[in-house]
Amino acid sequence: MIRIRYTLTLGVALLAAAAGAPAQTVLNVYSARHYQTDEAMYANFTKQTGIRINRLDGKEEELVERIKNEGASSPADVLITVDAARLEIADKAGLFQPVQSKTLEARIPASLRTPNWLAFSTRARLIVYNKGAVNADWVQSYEDLAEPRLKGQVCVRSGSHPYNLSLGAAMIAHNGEAKTEAWAKGLVANFARAPKGGDTDQLKAVAAGECGVAISNSYYLARLMRSTKAEDQQVVRALGVVWPNQKSWGTHINVSGAGVVKTAPNRDAAVKFLEYLASDEAQAYFADGNNEWPVVKSAQVKNPALDALGPFKADTLPIGQLATNTVQAQKVFDRAGWR
Ligand SMILES: [Fe+2]
């Protein structure tokens, strides 16, 4: 469902027109991220630049479809969405235009940007196991999850979900296509049940003993860790957490990202907004809103759940390469029968 949030923009624009004053720039931001802290972030951008924001919140796929359908007359200036696989789909559809900015180049690491879109926060794909049922030594890497000793133990969401496609894309980059396909086949052979639900459902299934081990994005776990509900705390207590592949290529990370829409009516303001998203202040809001890590090194985030999870070695694969491999990953998973 798409919700439109017109701030005071329309009223202000009408007043300006009536007074014969120049119309104020209004930036249209289509966002698949909508957290409480985002409100303050947008308000501060307006305070700093005088540029007002019309935000249109929607689901990732819906926003991409909407921009496609609106075509050349789309009011969209910026698209914010999650996951490299989805950003790649938007980019392949020709939705973005190249962004040139010294500020963005200086603040966002090269491996976390492409010519057409940039990452603004990162999340990790974790291995989570039932402390009472599975030996931690057996689940130290994604590759481990395909070992026959875990038969009937693995819970994971659909193989066609972008989060798993991005993981598959990273594995293809590191291990090659043939090994990744063999891995996917081994993983499918170890399933405790046919894939269903989201990552939180897998975490709960592991805690309940329905499966011994699962793969989940870090922010779903962090959300449960920060929850004050007794049942969530019980789930967290049952779980052991592994940063996968610390002895090899590092834990797979994915991103929330954004780009300037190709037909953006306010291109300069859109770039200014992306530069703002890379400021220390906005980075803290952006990352903390969804329990993610900022991409800008100097940004400080105080997040008790992420602090508790501690530091880890992340995969350094350029996000652009990850994105391009996702198409191949889907074919590999299809052949392996990971539905
Ligand atoms: Fe998610």
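Basis of the calculations
Residues numbered from 1 in each chain as written. Predicted model: local features only at pLDDT ≥ 70, side-chain atom pairs only at ≥ 80, totals over all residues. Heavy atoms only, no water. Helix = DSSP H or I, 4+ residues; strand = E, 2+ residues; numbered from the N terminus. Rg over C-alpha atoms; globule rule 2.2 N^0.38 Å. Buried < 20%, exposed > 50% of the residue type's maximum accessible area, 1.4 Å probe, protein only. Contact = heavy atoms within 4.5 Å. Lys, Arg positive; Asp, Glu negative; His and termini not counted. Charge placed at Lys NZ, Arg CZ, Asp CG, Glu CD. Phe/Tyr/Trp six-rings, centres within 6.5 Å; stacked < 30°, edge-to-face > 60°. Polar contact = N/O pair within 3.5 Å; in protein donor to acceptor, adjacent residues only side chain to side chain. Disulfide = S-S within 2.5 Å. 1 Å grid on protein atoms, 1.4 Å probe; cavity = no way out; pocket = protein on both sides within 12 Å on 5 of 7 lines; lining within 4 Å. Points joined across faces, edges and corners; volume = space filled by probe spheres on them. Nonpolar A, V, L, I, M, F, W, Y, C, P; charged D, E, K, R; others polar. Core = buried A, V, L, I, M, F, W, Y, C linked by side-chain atoms within 4.5 Å. pLDDT = per-residue confidence, 0-100. Donors = N, O, S within 2.8 Å, 3.2 Å for Na, K, Ca; no water.

**As for the overall build of the protein chain**
For the protein chain, the helix and strand inventory stands at 14 helices and 11 strands. In terms of overall size, the protein chain behaves like a compact globule, its C-alpha atoms giving a radius of gyration of 21 Å where 339 residues would be expected to give roughly 20 Å. By principal-axis analysis of the C-alpha atoms, the protein chain measures approximately 75 × 40 × 35 Å. For the protein chain, the proportion of its 339 residues judged to be buried stands at 54%. Long-range contacts, defined here as pairs at least 24 residues apart, represent 79% of the contacts in the protein chain between residues at least 6 apart. Between the mean site of the 39 positive side-chain charges and the mean site of the 33 negative ones, the protein chain shows a separation of 1 Å.

**Describing the packing of aromatic side chains**
Within this structure, the stated rule accounts for 13 aromatic pairs. A ring pair is formed by Phe45 and Tyr276, whose centres lie 5.4 Å apart and whose planes are at 50°; its orientation type is tilted. Linking Phe45 in helix α2 (residues 36-49) with Tyr276 in helix α11 (residues 267-277), this pair joins segments that are 231 residues apart in sequence. Exposure class is identical for Phe45 and Tyr276. Each is buried. Judged by centre distance (3.9 Å) and plane angle (10°), the rings of Trp243 and Phe312 are stacked.

**Quick word on the environment of Gln140**
Counting through the fold element by element, Gln140 comes out in the loop between β6 (118-130) and β7 (154-155). Measuring from C-alpha to C-alpha, the distance between Gln140 and Asn245 comes to 6.3 Å, with 105 residues separating the pair along the chain. Among residues more than four places away in sequence, those in contact with Gln140 are Val242, Trp243, Pro244 and Asn245. A polar side-chain atom of Gln140 sits 2.8 Å from the main-chain carbonyl oxygen of Ala136.

**Details of the state of the cysteines**
One pass over the structure, following the stated rule, counts one disulfide. Between the sulfur atoms of Cys155 and its disulfide mate Cys211 the distance is 2.1 Å. Here the disulfide of Cys155 and Cys211 is left-handed, its torsion about the S-S bond being about -85°. On the criterion of sequence distance, the pair formed by Cys155 in strand β7 and Cys211 in the loop between α8 (199-207) and β8 (213-217) is long-range, its members being 56 residues apart. For Cys155, a relative accessible area of 0% puts it in the buried group.

**Here's the deal with the layout of surface pockets**
Each pocket or cavity is described by its volume, and for the largest pocket that value is around 650 Å³. Class assignment of the residues belonging to the lining of the largest pocket gives a composition of 17 nonpolar, six polar and three charged. Estimated volume of the second largest pocket: approximately 400 Å³. Lining the second largest pocket are 25 residues, with Ala32, His34, Tyr35, Lys59 and Glu60 sitting closest to its centre.

**Things to note about the nonpolar core**
Among the nonpolar cores identified, the biggest contains 81 residues, and Leu27, Phe120, Trp183, Phe273 and Leu274 are the most heavily contacted of them. Not counting chain neighbours up to four residues away, the residues in contact with Leu274 comprise Val78, Val99, Leu104, Leu118, Phe120, Ala258, Gly259 and Val260. By size, the runner-up hydrophobic cluster in this structure holds 25 residues, among which are Trp243, Trp293, Ala305 and Leu309.

**Regarding the confidence of the model for the protein chain**
Averaged over every residue, the pLDDT of the protein chain is 93; residues scoring 70 or more account for 93%. A low-confidence stretch, residues 6-21 stays under pLDDT 50, and its non-local contacts, those more than four residues away or across chains, total 12 contacts.

**Some remarks on the coordination of the iron ion**
The protein atoms that coordinate the iron ion are Tyr163 (OH), Tyr219 (OH) and Tyr220 (OH), at distances spanning 1.9 to 2.0 Å. Sequence positions of the residues that donate to the iron ion give the spacing Y-x55-Y-Y. Of this pair, Tyr163 sits in helix α6 (residues 162-175) while Tyr220 sits in helix α9 (residues 218-226); the two residues are 57 residues apart in sequence, bridging distant segments of the chain. No difference in accessibility class separates Tyr163 from Tyr220, as the two residues are buried.

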